[in-house]
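So you can see what is in the structure, the chains are spelled out below.
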Amino acid sequence: MLKSMNEAMDYIESHLYDEIDYNELERITGTSVYHFRRMFSFLSGMTLGEYVRNRRLSNATFDLLHEGMSVTETAFKYGYESVDGFSRAFREWSGINPSEVKKKNMLKAFPKLSFQLTIQGGINMDYRIEKKEAYKIVGVKKRVPIQFEGENQEIIKLAKSITPEQRKKLHSYANMKPNQVVNASYNLEEGCMEEKGSLDHMIGFLTTKELDFDGFEVVEVPALTWAIFSSKGEFPKIMQETWAKIASEWLPASDYELVDAPNISFTGDLSDRNNVYSEIWFAVKKKGEK
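Residues numbered from 1 in each chain as written. Predicted model: local features only at pLDDT ≥ 70, side-chain atom pairs only at ≥ 80, totals over all residues. Heavy atoms only, no water.

Draft legend 1. Seen up close, the packing of helix H3 (residues 33–44) against helix H9 (residues 237–253). Contact pair H3 / H9: the axes reach a minimum separation of 9 Å and the direction vectors enclose 135 degrees. Regarding the angle of H3 to H9, the classification is oblique. When the axes of H3 and H9 are compared, the crossing they make is left-handed. Between H3, through His-35, Met-39, Phe-42 and Leu-43, and H9, the contact on the second element is made entirely by Ala-247, Ser-248, Leu-251 and Pro-252. (Axes fitted to C-alpha atoms, helices over the stretch in contact; angles between N-to-C directions. Helix = DSSP H or I, 4+ residues; strand = E, 2+ residues; numbered from the N terminus. Parallel < 35°, antiparallel > 145°, perpendicular 65-115°, else oblique. Left-handed = near helix turned anticlockwise from the far one by under 90°. Contact = heavy atoms within 4.5 Å.)

Draft legend 2. Region of interest: the environment of Ser-82. Note on placement: Ser-82 falls in the loop between helix H5 (71–77) and helix H6 (83–94). Measuring from C-alpha to C-alpha, the distance between Ser-82 and Thr-72 comes to 8.1 Å, with 10 residues separating the pair along the chain. Once residues within four sequence positions are removed from consideration, Ser-82 is found in contact with Ala-75 and Phe-76.

Draft legend 3. Spatial organisation of the pairing of strand E3 (residues 182–186). With 4 of 5 residues buried, E3 is to be regarded as a mostly interior element. Alignment of E3 against strand E4 (residues 198–207), held across 5 bridges, turns out to be antiparallel. Bridge pairing in E4 places Ser-185 opposite His-201. Here E3 runs beside strand E8 (residues 263–267); their pairing, made up of 3 bridges, is antiparallel. If you follow Ser-185 over to E8, its bridge partner there is Asn-263. (Buried < 20%, exposed > 50% of the residue type's maximum accessible area, 1.4 Å probe, protein only. Pairing = 2+ DSSP bridges.)

Draft legend 4. Quick peek at the packing of aromatic side chains. Tallying each qualifying case throughout the model produces 16 aromatic pairs. Seen from their ring centres, Phe-90 and Trp-93 are 6.1 Å apart, and the 65 degrees between their planes marks the pair as edge-to-face. Highlighted residues: Phe-90 and Trp-93, both in helix H6, separated by 3 residues, approximately one helical turn. The buried category is assigned to Phe-90, whose relative accessible area is 1%. One aromatic cluster is present, built from ring pairs that chain together Phe-36, Phe-40, Tyr-51 and Phe-110. The ring of Tyr-17 is capped by Lys-77, whose NZ or CZ atom sits 4.6 Å from the centre of that ring. Looking at Lys-286, its charged tip hangs above the ring of Tyr-256, at a distance of 4.9 Å from the centre. (Phe/Tyr/Trp six-rings, centres within 6.5 Å; stacked < 30°, edge-to-face > 60°. Lys NZ or Arg CZ within 6 Å of the ring centre and 35° of its normal.)

Draft legend 5. Representation of H3 in the model. In this model, H3 (12 residues) spans 16 Å end to end at C-alpha, consistent with the 16 Å of a helix rising 1.5 Å per residue. Considered for burial, the residues of H3 that qualify are Val-33, His-35, Phe-36, Arg-38, Met-39, Phe-40, Ser-41 and Phe-42. Next to the buried residues of H3 lie helix H1 (2–14), helix H2 (22–29), helix H4 (48–66), H9, strand E7 (256–258) and E8. Phi for Gly-45, located one or two positions after H3, is positive at around 80 degrees. (Expected span 1.5 Å × (residues − 1).)

Draft legend 6. Molecular detail of unusual backbone geometry. Each neighbour pair has its own omega, and for Lys-177 with Pro-178 the value is 10 degrees, a cis peptide bond. For the bond from Phe-235 to Pro-236, the omega torsion is 5 degrees, close enough to zero to count as cis. Even without being glycine, Asn-179 reaches a positive phi, approximately 55 degrees. Relative to the assigned elements, Asn-179 resides in the loop between helix H8 (164–173) and E3. Phi angles above zero are rare outside glycine, and Asp-214 is one such case at about 50 degrees. Among the residues examined, Asp-214 registers a relative accessible area of 47% and is labelled partly exposed.

Draft legend 7. Broad picture of the pattern of salt bridges. For the structure on display, the rule yields 15 salt bridges. Arg-27 is the partner of Glu-24 in a salt bridge, and the nearest nitrogen-oxygen pair spans 2.7 Å. Pair noted here: Glu-24 and Arg-27 are both in helix H2, with a separation of 3 residues, about one helical turn. Glu-24 gets classed as partly exposed once you look at its relative accessible area, which sits at 23%. In this structure, the salt-bridge partner of Lys-169 is Asp-214, at a minimum N-O distance of 3.4 Å. Highlighted residues: Lys-169 in helix H8 and Asp-214 in the loop between E4 and strand E5 (217–221), separated in sequence by 45 residues. Taking relative accessible area as the criterion, Lys-169 reaches 38% and is therefore assigned partly exposed. Salt bridges here are not isolated pairs; linked through shared partners, they connect Arg-128, Glu-130, Lys-132 and Glu-279. (Salt bridge = Lys/Arg side-chain N within 4 Å of Asp/Glu carboxyl O.)

Take it as geometry only, folks, not as evidence of what the structure does.
Structure below.
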């Protein structure tokens, strides 16, 4: 995985002046573009699009300073359709106009990224791989801001908005494990791994029933393989640490890649918040599998 990620970085570096072929990135990494984008964000803390943009602007600084290129020539070299668009992007990134580069003593650079092995972990992670037939997530949803630490107040508000009658009705739909309330996150915005943007968050139950569900939101989930991680401890601290370990340790080392599907989680009894059982579900497939 480390070797293929660095080969992908080399490919991107050689195509900063033209179009990046994402089919070629799939060939190099042996994974889907979706998985590569998510893994890149997990490991680097930025989106792939942001990385490419920053590298191009960093190289543009060098061209303006040392190669004697005009702002117009530089803009078109790096794929901008207008000088105004390039100037705006450059100013937002560096804090100065491209026409000011030669006058400034302090300039900004963004070096090429490379992935290196760091010895971490050493803590057991409990997980299982399960195949599940198609099912539905039925519940209520809300667009909420992405938040890595602590309890998301918008999700708490969503939970409180569910009436006892609605909760009882939703529970009657459940006919598959865990047979209790689940949280599902999907439609994540591009900046999700930088704790930016928002996502759709649903609180509901899993079911295979064929009903109209009385106006509740419904997400159709196809038959998939799931990596299911369990943890027990202080809530939400341990659960959030498990999310981080999945992203930074398990996924890069495993034989699996992510599939575009809702991320699902649920928690057990919250009466003792220092000893809460939780599960996190990621849809996965074997690397190289169609």
